[in-house]
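Remarks on the overall topology
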Amino acid sequence: MNIYEEANRCLLCQDAPCTKACKTGDPARAIRAIRFDNHKPALQWVKACTDDDLERAEQACIHYNWPIRIKEMMRAIHPDDVTAPYPSLAIDFCGIKCENPFFLASSAVCTNYEMVAKAFEAGWGGVFYKTICLQEIKEVSPRFDAMHSNATHGDFYGFRNMEQLSENPVDMDFDILRRLKQDYPTKVVIASIMGQTEEEWMKLAKMAEAAGCDAVELNFSCPQMKHKGMGSDVGQSPELVKTYTACVKKSVKIPVIPKMTPNITHIAEPAMACVEAGADAISAINTIKSVTMDTFAEVTGRRTISGYSGRAVRPIALRHILELAQMCDGRIVELSGIGGIETWRDAMEFIQLGCSNVQVCTAVMQYGYRIIDDLILGLQRYMAKRGVNELQQLVGESLEKFLNPDHLDRDTIIYPKFDKELCVGCGRCEVSCYDGGHQAIVFNYETRQPRLIGTKCVGCHLCRLVCPAGAIGVSKRIPKK
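Residues numbered from 1 in each chain as written. Predicted model: local features only at pLDDT ≥ 70, side-chain atom pairs only at ≥ 80, totals over all residues. Heavy atoms only, no water.

Observations concerning the nonpolar core
Our working definition: To define a nonpolar core, start from buried Ala, Val, Leu, Ile, Met, Phe, Trp, Tyr and Cys residues and group those joined through side-chain atoms within 4.5 Å. Exposed residues in this analysis have more than 50% of their type's maximum accessible area, buried residues have under 20%, and partly exposed residues fall in between, with area computed by a 1.4 Å probe over protein chains only. Helix numbering and strand numbering both begin at the N terminus, where a helix is a DSSP run of H or I of at least 4 residues and a strand a DSSP run of E of at least 2. Contacts are assigned to residue pairs with any non-hydrogen atoms lying within 4.5 Å of each other.
Among the nonpolar cores identified, the biggest contains 133 residues, and Met74, Trp124, Phe174 and Leu379 are the most heavily contacted of them. Looking at which element gives the most residues to this core, the answer is helix α12 (residues 314-328), with eight residues. What Phe174 contacts, discounting residues up to four positions off in sequence, is Ile132, Ala191, Ile193, Leu204, Met207, Ala208 and Ala211. Of all hydrophobic cores here, the second largest spans eleven residues; its members include Cys429, Cys433, Cys457 and Cys467.

As for the side chain of Glu163
What counts here: Here a polar contact is taken to be a pair of N or O atoms separated by no more than 3.5 Å, where protein atoms must pair a possible hydrogen donor with a possible acceptor and residues adjacent in sequence count only if both atoms sit in side chains.
Take Glu163: it is sitting in the loop between β6 (158-161) and α7 (170-183). Engagement of the side chain of Glu163 in a polar contact is seen with the side chain of Lys130, the distance being 2.4 Å.

Some remarks on α7
Heads up, the condition is: Expected span of a helix, by definition, is 1.5 Å for each gap between consecutive residues, and there is one gap fewer than residues. To be clear, the arc concerns the directions from the helix axis to the C-beta atoms.
With 14 residues, α7 should reach 20 Å at 1.5 Å per residue; the first-to-last C-alpha distance of 20 Å fits that figure. Within α7 the residues assigned to the buried category are Val170, Asp173, Phe174, Ile176, Leu177, Leu180 and Lys181. Along α7, the residues classed as buried sweep out an arc of 150 degrees about the axis, all on the same side. In this structure, α7 carries Asp171 and Gln182 as exposed residues pointing more than 90 degrees from its buried face. Those residues of α7 that are buried lie in contact with α6 (113-122), β4 (126-132), β7 (188-193) and α8 (198-210).

Here's the deal with the environment of Asp80
Tracing the chain through its elements places Asp80 in the loop between α5 (70-75) and β1 (91-93). Here Asp80 falls in the partly exposed class, since its relative accessible area comes to 25%. Here the alpha-carbon distance between Asp80 and Arg477, two residues 397 residues apart in the chain, equals 31 Å. Once residues lying within four places of it in the same chain are set aside, the contact partners of Asp80 are Lys40, Pro41, Tyr86 and Arg381. A distance of 2.8 Å separates the side chain of Asp80 from the side chain of Arg381, its partner in a polar contact.

Regarding the packing of aromatic side chains
Stated formally: Working definition: rings of Phe, Tyr and Trp (its six-membered ring) pair if their centres are within 6.5 Å, and the pair is stacked with planes under 30 degrees apart, edge-to-face with planes over 60 apart, and tilted otherwise.
What the rule picks out here adds up to nine aromatic pairs. An angle of 40 degrees between the planes, with centres 5.7 Å apart, marks the rings of Trp344 and Tyr382 as tilted. Of this pair, Trp344 sits in helix α13 (residues 344-352) while Tyr382 is found in helix α15 (residues 372-386), placing the two residues 38 residues apart along the sequence. A single burial state applies to Trp344 and to Tyr382, both of which are buried.

What about the layout of surface pockets?
Keep this limit in mind: Only protein atoms enter the 1 Å grid used here, on which a cavity is any set of points holding a 1.4 Å probe that cannot leave and a pocket is any open set flanked by protein within 12 Å on both sides along at least five of seven lines; residues with an atom within 4 Å of a point are listed as lining. Grid points are joined across faces, edges and corners, and a volume is the space filled by probe spheres set on the points. Each residue gets one label: Ala, Val, Leu, Ile, Met, Phe, Trp, Tyr, Cys and Pro are nonpolar, Asp, Glu, Lys and Arg are charged, and the others, such as Gly, are polar.
By volume, the largest pocket amounts to about 380 Å³. Mapped by element, the contributors of at least two residues to the lining of the largest pocket are α1 (3-9) and α14 (362-367). When its residues are assigned to classes, the lining of the largest pocket shows six nonpolar, seven polar and three charged. Along its surface, the second largest pocket is lined by 20 residues, and Leu12, Cys13, Ala16, Cys18 and Ala28 are the ones closest to its centre. When residues of the lining of the second largest pocket are traced back to their parent elements, those giving at least two are α2 (17-22) and α3 (27-35). With four residues, the single largest contributor to the lining of the second largest pocket is α3. Tallied by class, the residues present in the lining of the second largest pocket amount to 13 nonpolar, two polar and five charged.

Structure follows, in structure tokens:
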């Protein structure tokens, strides 16, 4: 059994019937741990469960096709091999002490007091509150769309939104921020703001400081603003972002964090302008301009370009973070990473490229604030396994591995290695290698086994990537002949 495939089928129910039926454990929590890349620690939630307990849980499953194979899944997991104490995830960001690096991104997931308070209670370290402006905001309906695989429901890999900024009155939002900081003093409260003029930017920043916010984020990046001279239109101009960053920096004492747009050829150009104007950190990325074609997402029969997010954009976000980290090159400016973060491994990738904290939006919209449990668990367990005591030790540790293409080793090769015991004989490797690679695999139709032709193989590893059984690994790197 592939436990991740089975866990991905789970509906992640609210008030899960499987757990209510089990009584001696929490199989729903264990399945959620597997779904979010914590399969070994998952056993702690079912360690007291008998087979009968798990069978009752399975019988209570409300999946619309067939029940999740809870007992088989749990019995397929080996005990956790990490016994070291889990370290703290505390880290400083712009001189602000954060209990962990996981923040809500400025978006629909943090639009009022109750939402943010619930997130803080769940364990999130901070919030970049939904962007506040002085203009009247009216949203459209519907304003969300999603990209699914094969018309599946509920689980999507890409998400499109036409959401703009906070619809609340300005004074209401700053009162919410004031109460949040007052009621949750150990949490980090950051106001995201957007103005049209220098006066508006400074006014909003001063209001954020007066409300007790720990920092202010400058939204230079919203891709679907109704009003001219706001959002990503500004973020593409180094001159404008430098001017607005400088005026805000002069008007407040709290850290100033410009948020960059990915809808630009060179993200480092406006980011560097912000740094020159005194920015304390850079947030990146906002959503990517996109088009989806589902008629159910039309607004009175019309469509528009809007922002794309979700796990599909993570590699693009990481590329921008890498460019920003390389741009900094020793300068004292910190990074806050955003874009497609669902699991602790996703977050770790941003941290290893130089981010002191990460922001999450789409995954929360899809699965709820509860994902913080596995974000924290997974990152702590990873640190304990490696013997890392402070999260700061991971920040930027992968940067030295990135080189320009002309500096990469082109004189050696790694051949794929076939595991006959794992191979199920589907022949997918041969299909892809012949039609999309270098015709280096021969498939025996009688034994249903692939064979590599070493003289033709170029070590591209397409076969390994398409193998559905995980039966293709790697051999040692050797010199090319």
